[in-house]
Structures are given as structure tokens and as C-alpha cells.
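# Overview (structure and organization)
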Amino acid sequence: MHGGWIVGTAVVTRSDGRLALGRLGALCEQLKELNDKDYEVILVTSGAVGLGRQRLRYRRLVNSSFSDLQNPQGDLDGKACAAVGQSSLMALYDIMFSQLDVTSSQLLVNDGFFRDTAFRKQLSDTVSALLDLRIIPIFNENDAVSTRKASYEDSSGIFWDNDSLAGLLALELKADLLVLLSDVEGLYSGPPSDPKSKLIHTYVKEKHQREITFGEKSTYGRGGMTAKVNAAVCAAFAGTPVIITSGFATDNIIRVLRGERIGTIFHKDAHLWTSIKEVSAHDMAVAARNSSRRLQLLNSEERRKILLAIADALETNEGAIRLQNGADVADAEELGYNKALISRLTLRPEKISSLVKSVRLLANMEEPIGQILKRTELADKLVLEKISCPLGVLLVIFESRPDALVQIAALAIRSGNGLLLKGGKEAKRSNAILHKVITSAIPDTVGATLIGLVTSREEIPDLLKASKIPKLIYLVIPRGSNKLVSQVKEATKIPVLGHADGICHVYVDKSANIDMAKQIIRDAKTDYPAACNAMETLLVHEDLSRNGGLVELVAELQRQGVEVYGGPRASTLLNIAQTKSYHLEYSSLACTVEIVDDVFAAIDHINQHGSAHTECIVAEDCEVAEAFLRQVDSAAVFHNASTRFCDGARFGLGAEVGISTSRIHARGPVGVEGLLTNRWILRGNGHVVNGDRGITYTYKNLPVKA
């Protein structure tokens with residue numbers, strides 16, 4: 001793949017006119033990485049005139065007499081600056097690339113050269129030979145001998161600055177991509193310094209050329225954003241995609257080639273892309289609300305068929321889903337993400353199969369919408385009904401778990417809700433393909449806008465401000481780290497459903513069957529250590545520390561590769577490292593062990609240090625077990641069963657949007673019922689209140705019927 005990179009003067013030069021060595025170093029390191037991965041890299045650079053002017057000013061200063069310094073001196077000759085600066089600039093690139101074991105080469109051109117067909121062929125042959133040798137060609141206009149008289153104008157019709165030179169070379173050398181590095185993130189709708197200006201992710205000539213007003217040219221060089229946009233439009237419409245992005249970031253080139261949505265893209269087919277509308281998150285929420293109302297008009301069988309179609313689509317597209325997910329996982333591994341995150345990120349065949357199964361299970365569940373929950377005769381022929389109904393539009397923010405997207409989307413459809421999704425950047429490709437597959441199965445009578453995928457994190461704060469979006473988003477569900485949940489709760493007045501931590505306990509009583517206890521703690525800790533319902537703390541009755549039971553339990557964990565830390569009592573007795581905190585979610589093959597006096601000490605410990613998620617007691621004494629079940633204040637409490645059972649699918653809910661440790665609305669695994677509310681329907685026969693005169697209230701409970 002040929003790739004062209006143009007580095008603007010504002011990128012290579014600091015505000016004082018000196019070279020920005022840090023940015024140049026980061027640029028060279030990125031190009032080195034691409035070169036090692038067999039990308040064919042071509043660099044067009046500015047900076048020669050600025051560097052030459054700096055050197056010549058210094059030379060003139062040291063050679064000046066006192067009287068020279070008293071008199072104003074004329075500006076330096078631009079062509080002399082170019083001649084001096086060019087050799088210095090190339091020497092700097094040569095040193096930097098040499099340190100990275102990369103060879104570079106200099107090619108100076110003028111606009112007139114390109115009128116010669118033989119020159120153009122020779123240029124192409126030379127560059128091909130250099131690229132075959134893995135040498136990076138570095139281009140610059142030879143300003144020292146240029147005959148151009150109008151420095152800032154298109155006097156030749158060929159190229160007139162390094163931006164247009166880069167565009168020309170991209171076409172001549174048939175580059176697959178051209179990246180123009182600037183001092184801002186990309187093309188904005190107005191001045192980048194204006195808070196109201198928005199970054200334009202996709203440039204559509206028919207739309208944006210009329211709407212954008214450019215400021216002055218660059219204060220550093222001849223170009224500026226106007227020149228870059230002109231060059232980008234010319235190259236893109238001739239067949240080479242272009243991205244304008246910031247050269248101030250240390251990794252933007254790598255991020256562009258990973259497919260991240262940064263900067264502004266120019267493409268000849270941009271006007272055909274649905275994304276050119278740049279639908280805002282607010283518009284997505286409005287569209288989701290409207291689609292959800294159409295969804296609610298369908299009968300139960302029609303909604304069921306949508307879910308079955310989604311299940312079929314997931315099976316049919318499994319290959320494409322795993323391909324995109326594999327790219328996300330590879331990037332996560334390359335960036336050094338921890339194993340727990342990579343485990344949550346990975347969509348293995350069995351996980352996709354499980355997702356398909358859960359969607360079909362939801363499809364075949366009893367219709368949840370419009371169910372009469374209670375019927376009451378208030379008075380003769382005056383009947384009140386309490387009926388289940390959707391909440392409206394849900395906003396779900398989740399991290400690193402693309403399977404959550406499928407579960408949440410299926411639950412939203414089953415419950416008749418609209419949905420906005422914001423996934424983590426580490427699962428960008430996976431989320432995009434899953435969203436595409438799912439929405440493609442939604443019929444036009446409802447609309448694919450039922451489920452919106454928000455890709456810009458900058459839009460989330462506005463969505464969370466309820467005052468700005470009245471009667472639009474009714475519930476926010478964050479699924480991720482403690483930090484994410486806390487940030488969401490602090491940023492919104494919209495109700496938030498979820499849990500911050502998954503600090504789950506297993507208490508092994510003195511009456512426990514030790515073999516059963518070993519089996520339960522092994523499963524609770526090792527079945528899926530990264531899950532929020534995995535055991536993080538093991539509490540053991542003190543009698544087991546004297547009869548060998550504690551040693552057996554710890555040995556079982558260690559045999560499974562679990563790193564065991566102790567509380568003050570256990571660490572001393574077992575001679576193991578002491579935990580830093582009881583309120584610690586490892587999300588890995590590690591846990592805390594502590595000794596407690598009895599079941600009531602275990603209850604106190606859990607209520608003080610737990611996260612109110614899921615707890616388990618292993619005991620044969622039923623009275624002890626009942627005390628534990630009644631007094632532990634958590635969303636889910638189990639007797640002789642692994643904490644890993646706390647899951648929407650395992651509870652028979654079909655799927656879950658998350659596990660709630662809240663006391664209001666829904667608690668524990670949240671399935672369809674947790675996404676419903678209710679309303680009241682009153683059926684009368686001309687009844688009026690009239691001060692309650694002439695009416696006899698009966699308050700008779702009536703049979704519930706569909």
C-alpha cells in the first residue's frame with residue numbers, strides 16, 4: 001500500500017520559529033512502525049524556509065557590529081533561506097531515521113518538471129525503486145530555484161505549495177491514502193477556537209463548500225487549512241482518499257490506519273454515505289423514540305419475528321462479526337490492555353452461539369407489553385387497570401463487551417423501547433458490525449433508527465443533561481468500571497440503573513460440606529474471573545482454621561492458579577501477603593481470604609465491605625443459612641450455589657442489560673421486566689367525582705385477564 005503523508009510548516013515549527021523536535025521525532029517513529037509493517041511510505045515536508053531563516057538570522061546576528069544592530073535590517077532573501085534550510089532539514093530527518101534504522105532519501109521538485117512526461121515516468125520509477133528497498137522518499141519543493149513569482153497563488157496550474165504537491169504526488173504515484181497533518185484536529189465548521197465550532201468528520205463537497213468560511217492563511221507557512229482542503233478535494237475526487245488530522249498528537253498516523261474516526265475524511269463517494277448526515281446523538285434519540293412508538297403498534301407475533309430475524313442474521317454473519325472482533329482484539333493486545341479486558345472483548349464462537357440462543361429465548365417469552373397487572377372495580381361499572389408499558393428511550397453506555405450490545409438491543413426490542421448505545425473505543429469495529437447486522441433485520445415499518453450507535457464520546461455529556469432533552473431519555477444504564485458508573489451518576493439527573501463494583505463474597509460456615517465448598521469456590525472464582533459475579537472474597541468460619549478446612553479451601557484455589565491474599569487474621573495464619581483493602585475487585589485469578597468468628601460476623605463484614613451485588617453461604621445448617629439469606633443486604637443472595645448463577649440468562653430472563661444494586665425500580669439481573677414501567681387505564685360509564693357525592697366506592701379486586 002502506498003501511503004502519502006504531508007507535514008505542514010505549523011507541525012514541524014514551533015511558535016518561535018524553531019523546529020519542533022518532539023513532533024518530528026514522533027512522526028519518524030510512526031513512519032518507522034509503518035515501514036516495518038510493509039507499508040510503502042512517502043513523506044512530503046515543509047520547514048526548510050523557516051529553518052533556513054532561523055539559521056541565517058543567527059548568523060547575521062553574530063556577524064553584526066553594534067551600529068548594524070542600531071539600524072533596521074531588511075528581511076532575509078527567501079530563496080537563500082530555502083537553500084540553507086533544505087540541507088539542515090534533510091540532515092535532521094537523516095539523523096532521526098538513522099537512529100530508528102530507517103533509510104530516507106531526498107527528492108526536490110519544481111512545478112515545471114511535471115510538464116515533462118519523461119520526468120514523470122522517471123519520478124515514478126525512482127520512487128518505486130526506493131520503496132522496493134524500503135527507503136522512505138522525502139519530497140519538498142525546491143524553493144531555492146523556483147521561478148514562481150506569486151508565492152501564494154496557483155500560477156502554474158500544477159502545484160503551488162506543499163499541500164498541492166502532496167496531492168499531485170498521491171495521484172502520480174497512485175497512493176492508497178493521503179494524510180495531511182495540520183496544527184488542528186481536522187476541518188471545523190468554524191474557527192477551531194470557537195466553542196460552537198464542530199469537527200467535520202466527513203467532508204461532502206456539495207454541502208460543506210458553501211457552509212465553511214476559512215480564516216487567514218497559516219502564520220507559519222504558505223498554506224493553511226484552505227490550501228489543505230483544496231488539495232484534499234482535488235486528490236479525493238481524482239481517486240485518492242484523504243484525511244486531514246493533527247500532527248501534534250504522537251500517534252495519529254497509526255490511529256488513522258487502525259480505522260479510528262479521527263480528523264476529517266475526503267472521499268469521492270462521501271455524498272453517498274449515510275454517515276454524511278453526521279446525525280447527532282440528540283437526533284438519534286429523537287429517531288429512536290419515534291421508531292419505538294411504531295414498534296409498540298406491532299402485535300406480539302410481529303415483534304417476535306423481528307427477534308428471530310436478528311438471531312438468524314447473527315448466525316449468518318458470524319464470520320464477518322468474528323473478523324471485525326479479531327481486529328479489535330489484535331489492537332487491544334498490541335496496546336497492552338489487560339487480560340480481563342481482552343477476555344470480555346473477545347467474541348468466541350460459543351459466545352456468539354449463546355447470544356443467538358438468548359435472542360431466540362427472548363422471542364419465545366410471554367408478551368411483556370400491555371399485560372394487565374391488576375384490575376380493580378372502584379365503583380359500579382368503573383374499572384381501573386394497571387398495565388405494563390415501555391419506559392421510552394434507554395441510553396446504555398458500556399465498555400469492552402460487544403456481547404452486551406446484542407443482549408441490550410434484544411431486550412429493548414422485546415420491551416418496546418428505543419435505544420441509544422455508546423460502546424468503548426476498544427470494541428469499535430465489533431460494535432459497528434453488530435449494530436449493522438441487528439438493525440438490518442429491523443423492518444422498515446419500525447425503522448433501523450430504533451437503535452442508534454453513538455460513536456463520539458463528546459456527545460454523551462449533552463445527552464446526560466436531562467434539561468436539554470425533555471421527555472426523551474428515561475433511563476441511563478452504564479455497564480463498566482466503577483469510574484464509568486460514578487462519572488455517569490455525577491453527570492446526570494436522569495435515573496441511572498447499574499452497579500459500580502462486583503465485590504462478591506462466599507462464606508463457608510463450620511457446618512459446610514468441604515467438598516461442596518471447594519467445588520463452589522472453584523467455580524465462583526475461576527469459571528470467568530473477569531465477570532462482575534465472580535467471587536472476590538472468601539470468608540471462612542474460624543473453626544475451619546483449626547480443623548484443616550481452611551487449608552484445604554486455599555489449596556484448592558491455588559491449584560487453580562488463583563493468587564490468594566489474606567485479611568489480617570488469614571495472612572498471619574497462612575503466611576500469605578496481606579490484602580490492601582477488603583473493597584477490592586480483582587477481576588482476575590486473585591482473591592482475598594479472611595477468617596470470621598461466625599455467620600453474624602460474616603454478615604457484618606459483607607454489609608460493610610461488599611458492593612451489594614451477589615453473596616453465597618455454603619452451609620448444611622439451615623438455620624444459619626436462613627439467617628444469612630435474610631440479613632445480607634445484597635441484590636442476590638445464594639445458599640450452596642455459586643455466585644456465577646447471578647446472570648439474566650441463567651435466571652431465565654433471556655438476557656440482561658446489567659445487574660442493578662439499586663433499591664429503586666429494578667434490582668439484581670435486569671431483564672425485560674426491568675425495562676418496563678406501568679400506567680393506569682380507567683374505564684367508566686359517564687362517572688364524575690362531584691365531591692364524591694352520589695358514588696359508592698367498592699374497591700373490589702377483579703380477575704386479571706389479557
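Residues numbered from 1 in each chain as written. Predicted model: local features only at pLDDT ≥ 70, side-chain atom pairs only at ≥ 80, totals over all residues. Heavy atoms only, no water.

The name given to the protein chain in an unreviewed UniProt entry is Delta-1-pyrroline-5-carboxylate synthase, with the source organism recorded as Vigna unguiculata. Taken verbatim from the UniProt record of the protein chain, the Function (unreviewed entry) comment is "P5CS plays a key role in proline biosynthesis, leading to osmoregulation in plants." (UniProt positions renumbered as here; feature names shortened; annotations may be inferred.)

## Remarks on the confidence of the model for the protein chain
Parts of the prediction with low pLDDT should not have their coordinates interpreted in detail. With 88% of its residues at a pLDDT of at least 70, the protein chain reaches an overall mean of 85. A low-confidence stretch, residues 150-156 stays under pLDDT 50, and its non-local contacts, those more than four residues away or across chains, total 11 contacts. When the criterion is pLDDT under 50, residues 216-223 qualifies, and its contacts beyond four places in sequence or with other chains add up to 20 contacts. (pLDDT = per-residue confidence, 0-100. Contact = heavy atoms within 4.5 Å.)

## Regarding helix 19 (residues 482-491)
Regarding helix 19, the residues found buried are Leu484, Val485 and Val488. Looking straight down helix 19, one finds its buried side chains confined to an arc of 95 degrees; they lie on one side. Residues Lys483 and Glu490 are exposed on helix 19 and point more than 90 degrees away from its buried face. In this structure, the buried residues of helix 19 make contact with strand 11 (393-398), helix 18 (460-464) and strand 14 (473-479). (Buried < 20%, exposed > 50% of the residue type's maximum accessible area, 1.4 Å probe, protein only. Helix = DSSP H or I, 4+ residues; strand = E, 2+ residues; numbered from the N terminus. Arc of directions from axis to C-beta.)

## Observations regarding helix 11 (residues 281-297)
Between its first and last C-alpha, helix 11 extends 25 Å over 17 residues, near the 24 Å set by a 1.5 Å rise per residue. Those residues of helix 11 not exposed but buried are Ala281, Met284, Ala285, Ala288, Ser291, Ser292 and Leu295. Here the buried residues of helix 11 occupy an arc of 130 degrees about the axis, which is enough to place them on one side. Buried positions along helix 11 lie against helix 12 (300-316), strand 11, helix 16 (402-415), strand 12 (418-422), strand 13 (451-453) and helix 18. (Expected span 1.5 Å × (residues − 1).)

## Overview of the packing of aromatic side chains
Per the counting criterion, the structure on display carries seven aromatic pairs. Measuring from centroid to centroid gives 6.3 Å for tyrosine 93 and phenylalanine 97, while their planes differ by 20 degrees, and the two rings are stacked. Placement of the pair is tyrosine 93 and phenylalanine 97 together in helix 5 (residues 78-99), with a separation of four residues, close to one helical turn. Given a relative accessible area of 2%, tyrosine 93 falls into the buried group. (Phe/Tyr/Trp six-rings, centres within 6.5 Å; stacked < 30°, edge-to-face > 60°.)

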